[in-house]
Amino acid sequence: MSHNPIRPWRSIARRKSRQIMVGNVPVGGDAPISVQTMTNTITSDVAATVAQVQRAAEAGADIVRVSVPDEASSKALKEIVRESPVPIVADIHFHYKRGIESAEAGAACLRINPGNIGSPERVREVIAAARDHGCSMRIGVNGGSLEKHLLDKYGEPCPEAMVESALDHIRILEDNDFHEFKISVKASDVFLSAAAYQGLAEVTDKPIHLGITEAGGLMSGTIKSAIGLGNLLWMGIGDTLRVSLSADPVEEVKVGYEILKSLGLRHRGVNIISCPSCARQGFDVIKTVEALEKRLEHIKTPMSLSIIGCVVNGPGEALMTDVGFTGGGAGSGMVYLAGKASHKMSNDQMIDHIVEEVEKKASEIEAQAARAQAAE
């Protein structure tokens, strides 16, 4: 946020990890934490899949994953990759040929479990294809599909079993001199996921892909993901993430960005600070915020906006935001710019006026950034 400077108690010391590339997106090291989602269209339906990828990218997705369960999907992948504005990850399970075909089709990354690809020779063939085509990999360990020998050893899915599975898969890739990979240890249980990720972060410097798998619907899944991923990110763990929701992939992207924005780890678009409203409100806060969220979706510039119903907290919140509106009385409220009271505005004209002020401020921030870049 341009008008909300970082304080020492807001700083997060990110875990040191090696950096890999997923297409043109760096993952790990000092790169920004990237946001991913996954399509839920039939992959062989190229038009539908590309349309969904493009909507996700417009919402802010840095990387999009596509399931490749059959030969028709891997054939479609080449066109999907060509038309996608962001790197495409091919999701591969069991069929090693789909991994080879996906690498040849231009996938930026293969999501695999080396252990379920088959014989060591088949794993080597997939690794060779990835290496030949500049394709990275993600090892995906899942609490719901752990190897039988680990379940026999530990009795149930547990953090230790998930970390051991991850290390076994890491060893397979490293034994084949392949190092361009990231790793995840997902579970649907928040406690299990968080503990597994903490254990993994202690034993490897590989970039980590965060997720609470099968988190649930939009509301419940968002809450579970915010708790699980938020705590890990606060500890400095995580280089890329996906919020797994039974919802439109665009919603996954929005939630992912909101989690990162709340921790000051990524900034994109307008961060709206608003009150829950009460009998003191000088205007309908809830309807106003709903309208502004829709009207301001096109703003990509990082900035902040406060919408507060009355003067109890309104002026204080406005001090820390780029644009603010605080309800007053007699059908009008106060507009704040850069933290200072600027002018009054009637409630019935307030939404259009705030949109204008936000667009104007966004243009100013972009122009300032362009001048600074030109001066370098």
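Since the model is a prediction, treat every value here as computed from it, not as a measurement.

Draft legend 1. A look at a nonpolar patch on the surface. On the surface, a cluster of nonpolar side chains totalling about 320 Å² of accessible area is made up of Met219, Ile223 and Ile227. Structurally, Ile223 is set in helix H9 (residues 218–234).

Draft legend 2. Up close: the pattern of salt bridges. As enumerated under the stated definition, the model contains 23 salt bridges in all. With a shortest N-O distance of 3.5 Å, Arg15 and Asp239 are connected by a salt bridge. One end of the pair, Arg15, is in the segment before strand S1 (20–22); the other, Asp239, is in the loop between H9 and strand S10 (240–242), with 224 residues separating them in the sequence. For the pair Arg15 and Asp239, one class covers both residues: buried. Its salt-bridge partner being Asp91, residue Arg65 comes within 2.6 Å of it at the nearest N-O pair. Taken as a pair, Arg65 in strand S4 (residues 63–67) and Asp91 in strand S5 (residues 88–91) lie far apart in primary sequence, 26 residues in all. For Arg65, a relative accessible area of 6% corresponds to the buried category.

Draft legend 3. Here's a closer look at the packing of aromatic side chains. Inspection of every chain in the model, using the stated rule, returns one aromatic pair. Of note, Arg268 hangs over the ring of Tyr257, and the distance from its end group to the ring centre comes to 5.7 Å.

Draft legend 4. The arrangement of the sheet that holds strand S12 (residues 303–308) in detail. The sheet built from five strands is open, its strands ordered S11-S12-S13-S14-S15 with mixed pairing. One side of each edge strand has no neighbouring strand; the edge strands of this open sheet are strand S11 (270–274) and strand S15 (340–346). Taken over all neighbouring pairs, the strand axes of this sheet differ in orientation by 20° on average, direction set aside. Relative to S12, S11 runs parallel, the two being bridged by five bridges. By the bridge assignment, Val270 is partnered in S12 with Met303. Docked against the sheet, helix H11 (residues 285–295) engages S11 and S12, running at close to 160° with respect to S12.

Conventions we followed
- Residues numbered from 1 in each chain as written.
- Predicted model: local features only at pLDDT ≥ 70, side-chain atom pairs only at ≥ 80, totals over all residues.
- Heavy atoms only, no water.
- Patch = residues over 30% accessible without salt bridge, like charges linked within 9 Å, V, L, I, M, F, W, Y side chains within 5 Å.
- Areas by Shrake-Rupley, 256 points an atom, 1.4 Å probe, with all protein chains shown as cover.
- Salt bridge = Lys/Arg side-chain N within 4 Å of Asp/Glu carboxyl O.
- Helix = DSSP H or I, 4+ residues; strand = E, 2+ residues; numbered from the N terminus.
- Buried < 20%, exposed > 50% of the residue type's maximum accessible area, 1.4 Å probe, protein only.
- Phe/Tyr/Trp six-rings, centres within 6.5 Å; stacked < 30°, edge-to-face > 60°.
- Lys NZ or Arg CZ within 6 Å of the ring centre and 35° of its normal.
- Pairing = 2+ DSSP bridges.
- Axes fitted to C-alpha atoms, helices over the stretch in contact; angles between N-to-C directions.
- Contact = heavy atoms within 4.5 Å.

Honestly, it's all geometry; don't read function into it.
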